[in-house]
Amino acid sequence: MLKVQFDIDSYKTKFTGGTRQYLFFALFSFPGEKSSLNNLMSSALASLGYNSRQNVIPYLVRTTSIPGVSFEDIQIPYSGLPYKMAGSRIFEDWVVSFNLDEEGELLEKFRDWQDKIYNGSDNSDYRIDQHLYLLDGNGNAVKDIMLVQAWPKTLGGVGLDYSSNDIATMDVTFSYQYYKFKKINKPSETQKVLQSLLNKVTGTSLGGLF
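All figures in this text were calculated on a predicted structure; none of them were measured in a lab.

Attention shifts here to a nonpolar patch on the surface. Side chains of Ile74, Ile76, Tyr78, Tyr83 and Met85 sit close together on the surface and give an oily, nonpolar patch of about 520 Å² of accessible area. Put simply, the parts of the chain that give the nonpolar patch at least two residues each are strand E3 (69-78) and strand E4 (81-91). Here the element with the most residues in the nonpolar patch is E3; it accounts for 3 residues. Checked against the element boundaries, Tyr78 lands in strand E3.

Pasting the structure below:
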């Protein structure tokens, strides 16, 4: 008889807690912008009066998820039984639900992005890497999920209702090539300065995002 060495007291001691669903931060790059890091720096500097417009897009994120990944199931007949092999790797679409800002900046940015896809002569520069960060309980980023060459293939409809006082929302569905995980190392001095600026933007101490 197999005996499992397990007791509830050891489980309670070793289990220190899991990832909370609200501990994430998404940064967005748009065509014509250098990088997500540049976006965040612009947002921080704007709050200090160095720019007239503050990039608030990351703070409008309502919900999102880490997309699922699967393999196609290829079956080859062999001795009366199907022999199963892994086929193409499939990454599900990335869906982000946004709260809409009063100035309409979110709608404008994504509509401009889709206009660029439709009208642009260069079919490569509209695909931009996007970043989704997982945070620990102190606000420190522990994983960087980079979605490679992403672009908004669907802008969801926006519901308007006189009888409701809720904030209007919009779902954006991104297509991309694949995503990869990157462990966040100890922050550099430049990143520490950036974090200090970000704390002034939010009015709180979030720890290190990078």
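Still to come is the rest of the account.
Before going further, it helps to spend a moment on the environment of Thr173. By secondary structure assignment, the location of Thr173 is in strand E8 (residues 169-175). Residue classification places Thr173 among the buried residues on the basis of a relative accessible area of 15%. Taking the C-alpha atoms as reference points, Thr173 and Asp93, separated by 80 residues in sequence, lie 6.5 Å from one another. When neighbours within four sequence positions are excluded, Thr173 is seen to be in contact with Asp93, Trp94, Val95, Trp151, Pro152, Lys153 and Thr154.

Attention now goes to the side chain of Ser175. As for its position among the elements, Ser175 is in strand E8. Residues in contact with Ser175, not counting those within four places in the same chain, are Asp93, Gln149, Ala150, Trp151 and Lys153.

So, about the environment of Ser70. With respect to the secondary-structure elements, Ser70 resides in strand E3. The class of Ser70 is partly exposed, set by a relative accessible area of 35%. Counting along the chain gives 20 residues from Ser70 to Ile90, while the straight-line C-alpha distance between them is 5.3 Å. Excluding anything up to four places from it in sequence, Ser70 contacts Ser88, Arg89 and Ile90.

Turning to the confidence of the model for the chain, a few remarks are in order. In this model, the chain carries a mean pLDDT of 79, and residues with pLDDT of at least 70 account for 72%. Considering each helix and strand of the chain separately, the mean pLDDT is smallest for helix H2 (residues 36-47), with a value of 53, and largest for E8, with 97. Between residues 45-54, whose pLDDT stays under 50, and residues either more than four places distant or in other chains, the model counts 15 contacts.

Bringing helix H3 (residues 105-119) into the picture now. In this model, H3 (15 residues) spans 21 Å end to end at C-alpha, consistent with the 21 Å of a helix rising 1.5 Å per residue. Within the sequence span of H3, burial applies to Glu105, Leu106, Phe110 and Trp113. Viewed end-on, H3 has its buried residues packed into an arc of 130°, placing them on one side of the element. Structural note: H3 exposes Tyr118 and Asn119 on the side pointing more than 90 degrees away from its buried face.

Let us look at the nonpolar core. Core analysis: the largest hydrophobic core is formed by 26 residues, its most contacted members being Phe28, Trp94, Phe98, Leu106, Phe110 and Phe174. Secondary structure elements with two or more residues in this core: strand E5 (94-99), H3, strand E6 (128-135), strand E7 (141-155) and E8. With sequence-adjacent residues up to four places away left out, Trp94 is seen in contact with Phe28, Thr64, Ser65, Pro67, Gln130, Leu132, Leu147, Val172, Thr173, Phe174 and Tyr176. Formed by 7 residues, the second largest nonpolar core is a distinct cluster that contains Leu23, Tyr133, Leu135 and Ile184.

All chains considered together, the criterion is met by 2 salt bridges. Between Asp93 and Lys153 there is a salt bridge, with its nearest N and O atoms 2.7 Å apart. Here Asp93, found in the loop between E4 and E5, pairs with Lys153, found in strand E7; they are 60 residues apart in sequence, far enough to count as distant. For Lys153, a relative accessible area of 39% translates into the label partly exposed. Note that Lys116 is salt-bridged to Asp125, the shortest N-O span being 3.3 Å.

Criteria and cut-off values
- Residues numbered from 1 in each chain as written.
- Predicted model: local features only at pLDDT ≥ 70, side-chain atom pairs only at ≥ 80, totals over all residues.
- Heavy atoms only, no water.
- Patch = residues over 30% accessible without salt bridge, like charges linked within 9 Å, V, L, I, M, F, W, Y side chains within 5 Å.
- Areas by Shrake-Rupley, 256 points an atom, 1.4 Å probe, with all protein chains shown as cover.
- Salt bridge = Lys/Arg side-chain N within 4 Å of Asp/Glu carboxyl O.
- Helix = DSSP H or I, 4+ residues; strand = E, 2+ residues; numbered from the N terminus.
- Buried < 20%, exposed > 50% of the residue type's maximum accessible area, 1.4 Å probe, protein only.
- Contact = heavy atoms within 4.5 Å.
- pLDDT = per-residue confidence, 0-100.
- Expected span 1.5 Å × (residues − 1).
- Arc of directions from axis to C-beta.
- Core = buried A, V, L, I, M, F, W, Y, C linked by side-chain atoms within 4.5 Å.

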